[in-house]
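Notes for the structure review
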Amino acid sequence: GLLFRLESHWQWAGFAVCMLPILVLVFVFNVMPWAAQLIAGQIPVGALQQLDSSVLDSPWLQASSASDEATLKLQAAWIVLGSPDDMTLVQRSSPGLGANAFALPGGTILVTDQLLNVLDSRDEVVAVLAHEVGHTRSRHGLRNLLQTLGVAVLFSSVVGDVSALAESILITGPTLLQQMQYSREFETEADAVAIERLKSLGIATSCLGSSLNKLIKSSELTSDEDLSEGGASADKRASAEEGAEQSTSTERVKQRSAVGGRWLDYLSTHPNTEERIRLSGGTSCPQVMF
């Protein structure tokens, strides 16, 4: 009937081909975020906690080997933050993930030993934890995962290959969480929560900017080391490290852009860091111990 007549005319077929990418983009950027936010509030907490457990069992994560001082710094920061009853703080070592913290969907806040080695002040750790609590409160991790899986479902349907979809969802779900890529909107929301929490605690909001600045420095130095191991000479490595020490944060971002930094920034879990540092009030944070 109608479908046959439409398929028999090249004009309609051409129109359908042109409309398909537009509809896909509308679905990805408008429908999926809305649907993910709606669905995220309906998933039982027990199921999310099981998902957290599967992430914590990842080979990327190892038992913490941090010093007693670093562990006490983390515990002190958690207490200052109020030790939220509906959340669990977990400390792990992860050379692969480096200095990082994650808000898992089931209410687990994961902090790596490497992050504690980078942040000197207790209040910097408080700022990072407050930021991750902001992600948890808004269910950003779960919404992000649902959007990612929704896009996978969409493209599997478009290309007509859904045979391995269920299996890929079960297997890659935890991996996607480990490689969580938050949108600028999610990061802005979490930063706003962290800044308000820091104000209520009487802690300088610039401690958030200080922690971000130290984390991006750590990430850049790690990237330089990886490039060196991939074939760069020792002289080039030393030169890169010296340049990183002498340049400002803005200059370092420009240097990374010259060697593909734009692509790295796109993949970063915390995009647009320079702007976030500015909004938090700079990079000054008093040296507060525990």
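Structure: see above.
Residues numbered from 1 in each chain as written. Predicted model: local features only at pLDDT ≥ 70, side-chain atom pairs only at ≥ 80, totals over all residues. Heavy atoms only, no water.

**Concerning helix H14 (residues 273–280)**
Note the following rule: For each residue, the accessible area found with a 1.4 Å probe, counting protein chains only, is set against the maximum for its type, and the residue is called buried under 20%, exposed over 50%, and partly exposed in between. Numbering of helices and strands starts at the N terminus; helices are DSSP runs of H or I of at least 4 residues and strands are runs of E of at least 2. Each direction from the helix axis to a C-beta atom contributes to the arc, which is the arc of those directions.
The complete set of buried residues in H14 reads Thr273, Arg276, Ile277 and Ser280. Down the axis, H14 shows its buried residues gathered within 100° of arc, on one side only. Among the exposed residues of H14, those pointing more than 90 degrees away from its buried face are Arg278 and Leu279.

**Structural notes on the packing of helix H6 (residues 122–137) against helix H9 (residues 184–201)**
Definition in use: In this analysis an axis means a line fitted to C-alpha atoms, helices contributing only their contacting stretch, and an angle means the value between N-to-C directions, from 0 to 180 degrees. Orientation categories follow fixed angle ranges, with anything under 35 degrees roughly parallel, anything over 145 roughly antiparallel, 65 to 115 roughly perpendicular, and all other angles oblique. Here a crossing is taken to be left-handed if its near helix is turned anticlockwise relative to the far helix by less than a right angle, and right-handed if that turn runs clockwise. Should any heavy atoms of two residues lie within 4.5 Å, those residues are counted as being in contact. When residue character is reported, Ala, Val, Leu, Ile, Met, Phe, Trp, Tyr, Cys and Pro are called nonpolar, Asp, Glu, Lys and Arg charged, and the others, Gly included, polar.
At a minimum axis separation of 7 Å, H6 and H9 run at an interaxial angle of 130°. When the interaxial angle is binned, H6 and H9 end up oblique. Here H6 and H9 pass one another in a crossing that is right-handed. Contacts from Val126, Ala127, Ala130, His131, Gly134 and His135 of H6 reach H9 at Phe186, Glu187, Ala190, Asp191, Val193, Ala194, Arg197, Leu198 and Leu201. Among the residues making up the contact of H6 with H9, the classes are represented as nine nonpolar, three polar and three charged.

**With respect to the pattern of salt bridges**
Rules: For this document, the term salt bridge refers to a Lys or Arg side-chain nitrogen within 4 Å of an Asp or Glu carboxyl oxygen.
This model, assessed by the stated rule, comprises eight salt bridges. Across the salt bridge formed by Glu196 and Lys199, the nearest N and O atoms sit 3.8 Å from each other. Here the residue Glu196 and the residue Lys199 both occupy positions in helix H9, the gap between them amounting to three residues, near one helical turn. For Glu275, the salt bridge goes to Arg278, with nearest N and O atoms at 2.6 Å.

**A look at the nonpolar core**
Convention followed: To qualify as a nonpolar core, a set must consist of buried Ala, Val, Leu, Ile, Met, Phe, Trp, Tyr and Cys residues joined through side-chain atoms within 4.5 Å.
One finds Val111, Leu115 and Leu129 to be the most contacted residues of the largest nonpolar core, which totals 33 residues. Breaking this core down by element, the ones donating at least two residues are helix H4 (68–81), strand E3 (101–103), strand E4 (108–112), helix H5 (113–118), H6, H9 and helix H10 (206–229). Of the residues forming this core, the biggest block, seven residues, is contributed by H6. Look past the residues within four positions of Leu129 in its chain and what remains in contact with it is Leu74, Ala77, Trp78, Leu81, Leu89, Ile109 and Val111. Core analysis: the next-biggest nonpolar cluster, separate from the first, contains eight residues, Leu56, Phe102, Leu104 and Leu110 among them.

**Digging into H6**
Rule in force here: To estimate the expected span of a helix, count its residues, drop one, and scale the result by 1.5 Å. Polar contacts, as used here, are pairs of N or O atoms within 3.5 Å; protein pairs need one atom able to donate a hydrogen and one able to accept it. Residues neighboring in sequence count only if both atoms are side-chain atoms.
With 16 residues, H6 extends 22 Å from end C-alpha to end C-alpha; this agrees with the ideal 22 Å at 1.5 Å per step. Most of H6 sits out of view: 15 of its 16 residues are buried. Capping the start of H6 is the job of one residue whose side-chain oxygen sits 3.2 Å from the backbone nitrogen of Asp123: Ser121.

**Some words on the sheet that holds strand E2 (residues 88–93)**
Our working definition: What makes two strands pair is DSSP finding at least two bridges between them.
Strand order in the open sheet formed by four strands is E1-E2-E4-E3, and the pairing between neighbours is mixed. If you trace the sheet from one side to the other, it starts and ends with strand E1 (62–63) and E3, each paired once. Relative to E4, E2 is paired through five bridges, and the arrangement is parallel. The residue bridging Thr88 from the neighbouring strand is Thr108, located in E4.

**What to know about the packing of H4 against H6**
Between H4 and H6, the shortest axis-to-axis distance is 9 Å and the interhelical angle comes to 60°. The angle between H4 and H6 places the two elements in the oblique class. Crossing handedness for the pair H4 and H6: right-handed. Contact with H4, carried on its side by Lys73, Leu74, Ala76, Ala77, Trp78, Val80 and Leu81, involves Arg122, Val125, Val126, Leu129, Ala130 and Val133 of H6 and no other residues of that element. Residue composition of the contact of H4 with H6, grouped by class: 11 nonpolar, no polar and two charged.

**A few points about the state of the cysteines**
We apply this condition: Two cysteine sulfur atoms form a disulfide, by the criterion used here, when they sit within 2.5 Å.
According to the stated counting rule, one finds one disulfide in the structure shown. Disulfide pairing is shown between Cys207 and Cys285; the S-S distance is 2.1 Å. On the sign convention where negative means left-handed, the S-S torsion of about 85° between Cys207 and Cys285 marks this disulfide as right-handed. Placement of the pair is Cys207 in helix H10 and Cys285 in the segment after H14, with a sequence separation of 78 residues. By relative accessible area, Cys207 is classed as buried at 0%. The class for Cys285 is buried, based on a relative accessible area of 17%.

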